[in-house]
Amino acid sequence: MRFHHRLVWIAPSPKGNGRHTPPATGVRLKAIGQPRFSWGQDKLVDAGQIRQRYVEALPAAYNHDFADLIDFVKP
């Protein structure tokens, strides 16, 4: 989760890195033998409740509180 969060944190665009951070995180998880994240059971690129839940979990993660973000991405 921290790997993913750091990729989002260095976002070069105002809308974040939503197109490449989930796949990059999936590759990292596979490399260390962990299951991929569920990403709320939907795509994060499309606007909607799933993406909103994800976006709302990010500010707490910036303050080192990853609980909501971890709950969101559970496999």
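Keep in mind that what you see is a predicted model, and the values were worked out from it rather than measured.

### So, the overall build of the protein
Looking only at helices and strands, the protein has 4 helices and 0 strands in total. The linear arrangement of helices and strands in the protein, starting from the amino end, is α-α-α-α. For the protein, with 75 residues in total, the buried portion stands at 33%. Sequence separation of at least 24 residues holds for 45% of the intrachain contacts in the protein that already meet a minimum separation of 6.

### Describing helix α2 (residues 21-31)
Taken together, the buried positions of α2 are T21, P22, T25, G26 and L29. What you see down the axis of α2 is that its buried residues fit within an arc of 135°, all on one side. With respect to the buried face of α2, the exposed residues turned more than 90 degrees away are V27, K30 and A31.

### Focus on the environment of H20
The topology assignment puts H20 in the loop between α1 (2-9) and α2. Taking the C-alpha atoms as reference, H20 lies 8.9 Å from L7; in sequence the two are 13 residues apart.

### Here's the deal with helix α3 (residues 49-62)
With 14 residues, α3 ought to run about 20 Å at 1.5 Å a step, and its terminal C-alpha atoms sit 21 Å apart, in line with that. The set of residues buried in α3 consists of Y54, A57, L58 and A61. The arc that holds the buried residues of α3, viewed along the axis, is 120°, so those residues lie on one side. Every exposed residue of α3 that faces more than 90 degrees away from the buried side is listed here: Q49 and E56. Just beyond α3, the residue with positive phi is H64, at close to 70°.

Cut-offs and rules
All residue numbers refer to position in the chain's written sequence, counted from 1. In view of the model being predicted, local features appear only for residues whose pLDDT reaches at least 70, and side-chain atom pairs are presented and counted only at 80 or more, with totals across whole chains, interfaces and linings using the full set of residues. The basis for every side-chain value is the complete set of non-hydrogen atoms in the structure, without hydrogens or water. Numbering goes from the N terminus for both helices and strands, where a helix is a DSSP run of H or I of at least four residues and a strand is a run of E of at least two. Burial classes: relative accessible area under 20% of the type maximum marks a residue as buried, over 50% as exposed, and values in between as partly exposed (1.4 Å probe, protein chains only). Whether two residues are in contact is decided by their heavy atoms: any pair within 4.5 Å suffices. Here the arc refers to the set of directions running from the helix axis out to each C-beta atom. Here, expected helix span is obtained from the residue count minus one, scaled by 1.5 Å.

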